[in-house]
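Observations on chain architecture
Each chain, letter by letter, is given below.
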Amino acid sequence: MMVDVTEPLVPRMQGFGTTIFAEMSALAVRTGSINLGQGFPDTDGPPGMLDAAVEAIRSGGNQYPPGPGLPELRRAVAEQRRARYGLEYDPDTEVYITVGATEGIAASVLALANPGDEVIVFEPYYDSYAATIALAGAVRRPVTLRPDGGRFTFDPDELRAAVGPRTRMILVNSPHNPAGTVFTRAELEAIADLCREHDLIALTDEVYEYLTFDDAEHIPLATLDGMRERTVAVSSAGKTFSVTGWKTGWVTAPAPYVRAVQTVKQFMTYAAGGPWQRAVAYALRNELDWVARLRDSLQAKRDRLVAGLEAAGFAAVRPQGTYFVQADIRPLGFTDGMELALALPEKVGVVAIPTQVFYDDAAAGSHFVRFAFCKKDEVIDEAVERLRRLG
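Worth saying up front: this structure is predicted, and the values here are computed from it rather than measured. (Residues numbered from 1 in each chain as written. Predicted model: local features only at pLDDT ≥ 70, side-chain atom pairs only at ≥ 80, totals over all residues. Heavy atoms only, no water.)

Secondary structure summary: the chain contains 12 helices and 15 strands in total. For a compact globule of 391 residues, the expected C-alpha radius of gyration is about 21 Å, and the chain comes in at 21 Å, within 12% of that figure. Considering only C-alpha atoms, the chain reaches an extent of 60 × 55 × 50 Å along its principal axes. Long-range contacts, defined as pairs at least 24 residues apart, comprise 76% of the intrachain contacts of the chain with a sequence gap of at least 6. Mean positive and mean negative side-chain charge positions of the chain (39 and 51 charges, respectively) differ by 3 Å. (Helix = DSSP H or I, 4+ residues; strand = E, 2+ residues; numbered from the N terminus. Rg over C-alpha atoms; globule rule 2.2 N^0.38 Å. Contact = heavy atoms within 4.5 Å. Lys, Arg positive; Asp, Glu negative; His and termini not counted. Charge placed at Lys NZ, Arg CZ, Asp CG, Glu CD.)

Here it is, written out as structure tokens:
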């Protein structure tokens, strides 16, 4: 029997194709453009942490670590959650190490959402959310974040209306990529009210937990009344310590949820890289002053990019956290972010991400493009100078 290879992709994954990040980064390389699209720093993390990774490699830590993660990293994560947020987790049963936060989120959705279950996401959403929900055979229910008072937020009535009899989970990303919003306590309480009322699981993506600006405070949803027992929290070392290529993340949750995540994750990658785990454990205990300096540096870079974008004619929404600025392209006479993002490399030699790809309703975000500011000052300045040519 002949196998049809003309369209081998399973139907639930039709339409996903290559990620926008791979597409735009390849365009940056092909055109020699400045890449303000994909969110990775162009400088490395703390030297002490890098030395710890080298020492782990040279001292023989190169074979499979335990599937749930090195005990020293699980203990360090538990200590971090306790010291920073007052959340108690048993490192042996309630902390689980993953290959980055993306895998932690994927394993959590696959473990906890049944085919046909509905998962609420706030759009614009990180693109892996949609793909992961599709892999699980679940149904995505978007709630739109809209600019209001200089930040993106949601309408609580729209959120409540999105909850139905098949709703299983609310996926919460705060600090939010790509909108740059840090949800307030009132916004989180609105989410928590629905979780408690309808017995929903909260899956929280907190990878930018340290990277908040001005007076914005990251509040883990699990700290609210009645939420620790129904929250699966995911974070990672990549953004906190500027080592996005290490792909070292973790899940913290009640033991039954962690066991469910482990059941899925162990058949995906089994274990995360041992040397990176050892180095991250060191960093969580010894390099948080470095992280505070990183936060201050990123706030200054945010201000630098926002000022430059506004001088170039964009209307920028100043983010409260993360690596990214949302820029409204309409003041420059453009209306289609995808069209502009594909043209920018040839026009001015800069790459951005069209925000509309992170919406179910592309029209809701078609007038925004996303720029990353986790770059050296001279790179930001050169990009801004090139963007001035658009005007």
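Taking burial as the measure, the nine residues of helix α5 (residues 127-135) include eight buried ones, the bulk of the element. Those residues of α5 not exposed but buried are D127, S128, Y129, A130, A131, T132, I133 and A134. Where α5 is buried, its residues meet α1 (20-31), α4 (100-112), β3 (118-123), β4 (139-144), β7 (167-173) and β8 (201-205). Following α5 by one or two positions, G137 adopts a phi angle in the positive range, close to 75 degrees. (Buried < 20%, exposed > 50% of the residue type's maximum accessible area, 1.4 Å probe, protein only.)

All right, on to the sheet that holds strand β10 (residues 249-252) then. Judged by pairing direction, the sheet is mixed, and its seven strands sit side by side in the order β2-β10-β9-β8-β7-β3-β4 without closing on themselves. In this open sheet, the two strands that pair with only one neighbour each are β2 (95-98) and β4. Neighbour-to-neighbour, the strand axes of this sheet turn through a mean angle of 20 degrees, independent of strand direction. In this structure, β3 lies alongside β4, joined through six bridges in parallel fashion. From the neighbouring strand, E118 faces β4, where its bridge partner is V139. Seen against the sheet, helix α3 (residues 71-85) touches β2, β9 (231-236) and β10 and runs at an angle of roughly 120 degrees to β2. (Pairing = 2+ DSSP bridges. Axes fitted to C-alpha atoms, helices over the stretch in contact; angles between N-to-C directions.)

On to the layout of surface pockets, then. Considered as a void within the structure, the largest pocket measures approximately 500 Å³ in volume. Lining the largest pocket are 24 residues, and of these G39, T102, Y126, K239 and K247 lie nearest its centre. With four residues, the single largest contributor to the lining of the largest pocket is α4. Its residues placed into classes, the lining of the largest pocket shows nine nonpolar, 11 polar and four charged. (1 Å grid on protein atoms, 1.4 Å probe; cavity = no way out; pocket = protein on both sides within 12 Å on 5 of 7 lines; lining within 4 Å. Points joined across faces, edges and corners; volume = space filled by probe spheres on them. Nonpolar A, V, L, I, M, F, W, Y, C, P; charged D, E, K, R; others polar.)

What follows is about the nonpolar core. If you look at the biggest cluster of nonpolar residues, it comprises 89 residues, and the most contacted ones within it are L305, F314, F371 and L387. Tallying contributions element by element places helix α10 (residues 288-311) first for this core, with seven residues. Not counting residues within four places of it along the chain, the set of residues in contact with F371 comprises L36, L305, L309, F314, Y323, F324, V325, A327, L344, V350, A352 and L387. (Core = buried A, V, L, I, M, F, W, Y, C linked by side-chain atoms within 4.5 Å.)

Right, let's get into the sheet that holds strand β14 (residues 353-354). Pairing in this open sheet of four strands is antiparallel, and the strands run β11-β12-β15-β14 from one edge to the other. If you trace the sheet from one side to the other, it starts and ends with β11 (315-317) and β14, each paired once. Where strand β12 (residues 324-328) and strand β15 (residues 368-372) come together, five bridges link them in antiparallel fashion. In the sheet register, F324 faces β15, and the bridge partner there is A372.

Leftover empty space is mapped by rolling, across the atoms, a probe with the size of a water molecule. For the structure shown, the criterion picks out two cavities of 30 Å³ or more. In this model, the largest cavity occupies a volume close to 40 Å³. Considering only enclosed or pocket space, the second largest cavity measures out at about 30 Å³ in volume. Along the walls of the second largest cavity sit G150, R151, F152, A179, G180, T181, V317, R318, P319 and Q320, which together make up its complete lining. Class assignment for the residues of the lining of the second largest cavity results in four nonpolar, four polar and two charged.

In this section: a nonpolar patch on the surface. Taken together, the side chains of L110, L135 and M268 make up a nonpolar region of the molecular surface, amounting to roughly 230 Å² of accessible area. Among the secondary structure elements, L135 is positioned in helix α5. Residue class for L135 comes out partly exposed when judged on its relative accessible area of 40%. (Patch = residues over 30% accessible without salt bridge, like charges linked within 9 Å, V, L, I, M, F, W, Y side chains within 5 Å. Areas by Shrake-Rupley, 256 points an atom, 1.4 Å probe, with all protein chains shown as cover. Salt bridge = Lys/Arg side-chain N within 4 Å of Asp/Glu carboxyl O.)

All right, on to the packing of aromatic side chains then. If you walk through the whole model with that rule in mind, you get 14 aromatic pairs. Arranged with centres 5.9 Å apart and planes meeting at 70 degrees, the rings of Y323 and F324 form a pair that is edge-to-face. In terms of burial, Y323 and F324 fall into one category: buried. Three or more aromatic residues joined by ring pairs form one cluster here, namely F21, Y126, Y129 and F358. Above the ring of F324, the side-chain terminus of R370 is found at 3.5 Å from the ring centroid. The ring of F40 has K375 sitting right over it, with the charged end atom 3.8 Å from the ring centre. (Phe/Tyr/Trp six-rings, centres within 6.5 Å; stacked < 30°, edge-to-face > 60°. Lys NZ or Arg CZ within 6 Å of the ring centre and 35° of its normal.)

Summarising burial for β3: six of the six residues are buried, a large majority. Residues E118, I120 and F122 of β3 are buried on one face, and the alternating residues V119, V121 and E123, pointing to the opposite face, are buried as well. Crossover β3 to β4 through α5 is right-handed. The sheet contact formed by β3 and β7 spans four bridges and is parallel. From the neighbouring strand, I120 faces β7, where its bridge partner is I170. (Right-handed = clockwise from strand over helix to strand, strands pointing away.)

Our focus in this paragraph is the packing of α4 against helix α8 (residues 255-265). Where α4 contacts α8, the two axes come as close as 8 Å, and the packing angle between them is 105 degrees. For the element pair α4 / α8, the angle class is roughly perpendicular. Residues E103, A107, S108, L110, A111 and L112 of α4 form the contact with α8, whose own contacting residues are Y257, A260, V261, V264 and K265. Looking at the contact of α4 with α8, its residues break down into eight nonpolar, one polar and two charged. (Parallel < 35°, antiparallel > 145°, perpendicular 65-115°, else oblique.)

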